[in-house]
Amino acid sequence: MSFFDIHTSYANFDFDGFLAGVTAADIGRAIAAERLAPLDYLALLSQAATAHLEAMAQRAHELTTRHFGRTVQLFTPLYLSNHCVNGCRYCGFNATTPLARKALTLDEVEAEAKAIAATGLKHILILTGESQTHSPVSYLADCTAILRRYFASACVEVYPLTEEEYRELVRAGVDGMTLFQETYDPTVYAFMHPKGPKRVYRNRLEAPERAGRAGLRTLGIGALLGLADWRIEAFFTGLHADFLQRTFPETEVSISTPRMRPQGGDFLPPVAVSDTDLVQYILAFRLFMPRAGITISTRERPELRDRLPALGVTRLSAGVSTAVGGRTRGEATPPQFEIADGRSVATMAAMLARTGYQPVYKDWQSL
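Treat the numbers as computed from the prediction; the structure is a model and nothing was measured. (Residues numbered from 1 in each chain as written. Predicted model: local features only at pLDDT ≥ 70, side-chain atom pairs only at ≥ 80, totals over all residues. Heavy atoms only, no water.)

A. Just the overall build of the protein chain, in detail. When helices and strands are tallied, the protein chain shows 15 helices and 9 strands. Over its C-alpha atoms the protein chain spans a radius of gyration of 20 Å, differing by no more than 12% from the 21 Å that the globule rule assigns to 367 residues. By principal-axis analysis of the C-alpha atoms, the protein chain measures approximately 60 × 45 × 40 Å. Split into buried and exposed, the 367 residues of the protein chain put 57% on the buried side. Accessible surface, the protein chain as shown: approximately 14500 Å² in total, 54% of it carbon and sulfur. Taken as two groups, the 38 positive and 39 negative side-chain charges of the protein chain have centres that lie 4 Å from each other. (Helix = DSSP H or I, 4+ residues; strand = E, 2+ residues; numbered from the N terminus. Rg over C-alpha atoms; globule rule 2.2 N^0.38 Å. Buried < 20%, exposed > 50% of the residue type's maximum accessible area, 1.4 Å probe, protein only. Areas by Shrake-Rupley, 256 points an atom, 1.4 Å probe, with all protein chains shown as cover. Lys, Arg positive; Asp, Glu negative; His and termini not counted. Charge placed at Lys NZ, Arg CZ, Asp CG, Glu CD.)

Written as structure tokens, this is what we have:
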């Protein structure tokens, strides 16, 4: 069984009816439960649960402190290439957007690595546009070989790979992957991805399973909030994370909760996701999966990000650029999207220390 089968089993589920019927008693039971069933989690995502956010927050804080202490891991993304063959309507890198395209040379990768390593960070996330011609697996492996001289952990956020391709990256030194499904709604997915190999919904959905079988240490997933009903997206993201954790019990599973940000095109997200909605999602997921990681990127503004570790967030990006060569190349390409929090690594670390949290630069060292 794959997660596709679990997702399909909800094809005829009456989400609107269930969410409308959630009671205060249902929410109270879910908050008090040691282990939530999927429909308990869905109840915590309901409109009715917004009246219970304080109780959810207290429980989420207790669970996060129990399993993670008062620590937050810091990391940063490194964009290697913005070449892309897909036509995603919401993305500034999509193939139809007229912009300067660039893939870093290996010397440029090393220059970026040196600039990032100078900040003290030891965890890096490698990103590319989705083009196997311009960013083949061999290129990713060569870049990883350079990056592992400077970083203890190198994870990838690239196009879906085969199991053997993930194994090739494991041999090169990659120890984790992140891949957003973008939306778990197949109809919305088809509309948002009108051209390119990304149109194949199931291939993307099952990529984390292939990565898990290949032996990657960490698996990260998420939905891009703003494309479809956020409550249903959050529900399936949680079920997906739970499936991966049960299937690969020795693997660290995490989610990200990215909201749409302005990008190079004229796309406007069809669904509004408020700060309260985002907080409710984080709280509900923490109660559903107490030991899973939660990442908040620089898509969110500083005053919000500063408050989220107390509610369940365990990873924050810092010193971010979403442009290819954004740290060392004077003629860096346009960014994939606008960030809302441009603070440096040192500033983020100081904020965490000031609020009673320990910034973690390194929590892993491969042999």
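B. View of the packing of helix α8 (residues 163-172) against helix α11 (residues 207-214). It is at 8 Å that the axes of α8 and α11 come closest, and there the two elements cross at 50°. As judged from the angle between their axes, α8 and α11 are oblique. In this structure, α8 meets α11 at a crossing whose hand is right-handed. When α8 is examined against α11, the residues Glu 163, Tyr 166, Arg 167 and Val 170 are found in contact with a partner set consisting of Ala 207, Arg 210, Ala 211, Arg 213 and Ala 214. Its residues assigned to classes, the contact of α8 with α11 shows 5 nonpolar, no polar and 4 charged. (Axes fitted to C-alpha atoms, helices over the stretch in contact; angles between N-to-C directions. Parallel < 35°, antiparallel > 145°, perpendicular 65-115°, else oblique. Left-handed = near helix turned anticlockwise from the far one by under 90°. Contact = heavy atoms within 4.5 Å. Nonpolar A, V, L, I, M, F, W, Y, C, P; charged D, E, K, R; others polar.)

C. Seen up close, the pairing of strand β4 (residues 176-182). With 7 of 7 residues buried, β4 lies mostly within the body of the structure. Along β4, one buried face is formed by Gly 176, Thr 178, Phe 180 and Glu 182 and the opposite face, lined by Met 177, Leu 179 and Gln 181, is buried too. Taken together, the 2 bridges between strand β3 (residues 153-157) and β4 define a ladder with parallel strand orientation. The partner of Cys 155 across the bridge, within β4, is Gly 176. With respect to chirality, the unit in which β3 leads through α8 into the neighbouring parallel β4 is right-handed. Pairing between β4 and strand β5 (residues 218-223): 6 bridges, direction parallel. In the sheet register, Met 177 faces β5, and the bridge partner there is Leu 219. (Pairing = 2+ DSSP bridges. Right-handed = clockwise from strand over helix to strand, strands pointing away.)

D. Focus on unusual backbone geometry. A positive phi angle, close to 75°, is found at Glu 182, a residue other than glycine. Within the secondary structure, Glu 182 sits in strand β4. Judged by relative accessible area, Glu 182 falls into the buried class, the value being 8%.

E. Quick peek at the packing of aromatic side chains. Inspection of every chain in the model, using the stated rule, returns 17 aromatic pairs. Both rings, one in Tyr 41 and one in Phe 235, keep their centres 6.2 Å apart while their planes meet at 25°; by these two values the pair is stacked. Here the residue Tyr 41 occupies a position in helix α4 (residues 38-44), and Phe 235 occupies one in helix α12 (residues 230-247), the gap between them amounting to 194 residues. Taking 6.3 Å as the distance between ring centres and 25° as the angle between the ring planes, the aromatic pair formed by Tyr 184 and Phe 236 counts as stacked. Within this pair, whereas Tyr 184 is found in the loop between β4 and α9 (186-192), its partner Phe 236 is found in helix α12, the two being separated by 52 residues in sequence. With relative accessibility at 2%, the residue Tyr 184 sits in the buried group. Here the aromatic residues Phe 3, Tyr 10, Phe 13, Phe 15, Phe 18, Tyr 41, Tyr 184, Phe 235, Phe 236, Phe 243 and Phe 288 are joined through ring pairs into a cluster of three or more. If you follow Arg 315 out to its NZ or CZ, it ends over the ring of Phe 75, 4.1 Å from the centre. (Phe/Tyr/Trp six-rings, centres within 6.5 Å; stacked < 30°, edge-to-face > 60°. Lys NZ or Arg CZ within 6 Å of the ring centre and 35° of its normal.)

F. Examining helix α6 (residues 106-117) more closely. The end-to-end C-alpha separation of α6 is 16 Å, in line with the 16 Å expected for 12 residues at 1.5 Å each. Buried residues of α6: Val 109, Glu 110, Glu 112, Ala 113 and Ile 116, and no others. End-on, the buried residues of α6 take up no more than an arc of 160°, which puts them together on one face. Where the residues of α6 are buried, they touch β1 (71-81), β2 (123-128) and α7 (137-147). (Expected span 1.5 Å × (residues − 1). Arc of directions from axis to C-beta.)

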